[in-house]
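Analysis of the macromolecular model
So you can see what is in the structure, the chains are spelled out below.
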Amino acid sequence: MAFITYVLIGLYALLTGVAGLQQWKENGYQVRTFLFVVLSISIFVTLFLPNKSLVLMLLILEFVLLHVLAVAEGLVKNKQLRYSHHLVRFIFHCILLLMVIFIQ
């Protein structure tokens, strides 16, 4: 269970980072895209911390920051929010956090 949890979180961090880099490549440097890349790297690094309580707290913080960035990106870029996208993302983050809690 722990292996699957960490692989899912690692893949999520990798995909978020690749999406940020792709957006950086297409639109040029922007602070939001830079923060997406930094957050994805920090999520990946968080997985290698030995203290599971610290991993949980940092993942909660990082996921909240990802939500804030995603909302800002939607408002700035599209001038609107797709609530279904954010709801699915929120549910996925909650499932990942529950998986981390259960492996402790």
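Notes on the structure in this doc start here. (Residues numbered from 1 in each chain as written. Predicted model: local features only at pLDDT ≥ 70, side-chain atom pairs only at ≥ 80, totals over all residues. Heavy atoms only, no water.)

**A short note on helix 3 (residues 52-78)**
Residues separated by three or four positions in an α-helix point in the same direction, a consequence of the helix having 3.6 residues per turn. Selection rule: Only DSSP runs of H or I reaching four residues or more are called helices, and only runs of E reaching two or more are called strands; each is numbered from the N terminus. By this rule the span expected of a helix is its residue count minus one, scaled by 1.5 Å. Accessible area is worked out with a 1.4 Å probe on protein chains only. A residue is then buried under 20% of its type maximum, exposed over 50%, and partly exposed in between. Working rule for contacts: check all heavy atoms of both residues, and any pair within 4.5 Å makes them a contact.
Helix length check: helix 3, at 27 residues, gives a terminal C-alpha distance of 38 Å against a target of 39 Å (1.5 Å per residue), a fit within 8%. Of the residues making up helix 3, those classed as buried are Val55, Leu56, Leu59, Glu62, Phe63, Leu66, His67, Leu69, Ala70, Glu73 and Gly74. Considering only its buried residues, helix 3 is in contact with helix 1 (2-27), helix 2 (31-46) and helix 4 (83-102). Just downstream of helix 3, Lys79 is the residue with a positive phi angle, here 60°.

**Here we look at helix 1**
Taking 1.5 Å per residue, 26 residues should reach 38 Å; helix 1 reaches 37 Å between its end C-alpha atoms and fits that length. Where helix 1 is concerned, the buried positions are Thr5, Tyr6, Ile9, Gly10, Tyr12, Ala13, Thr16, Gly17, Gly20 and Gln23. Buried residues belonging to helix 1 abut helix 2, helix 3 and helix 4. Phi for Gly28, located one or two positions after helix 1, is positive at around 85°.

**Side note on the layout of surface pockets**
Rules: Only protein atoms enter the 1 Å grid used here. Points where a 1.4 Å probe fits but cannot escape make up a cavity, open sets with protein on both sides within 12 Å along at least five of seven lines make up a pocket, and a residue lines them when an atom lies within 4 Å of a point. Grid points are joined across faces, edges and corners, and a volume is the space filled by probe spheres set on the points. Here the nonpolar group is Ala, Val, Leu, Ile, Met, Phe, Trp, Tyr, Cys and Pro; Asp, Glu, Lys and Arg are the charged ones; every other residue, Gly included, is treated as polar.
Taken as a whole, the largest pocket spans an internal volume of roughly 440 Å³. Phe36, Ala70, Glu73, His85 and Arg89 are, among the 18 residues lining the largest pocket, the residues nearest its centre. Secondary-structure elements contributing two or more residues to the lining of the largest pocket are helix 1, helix 3 and helix 4. Residue contributions to the lining of the largest pocket peak at six residues, all from helix 1. Broken down by class, the residue content of the lining of the largest pocket amounts to five nonpolar, nine polar and four charged.

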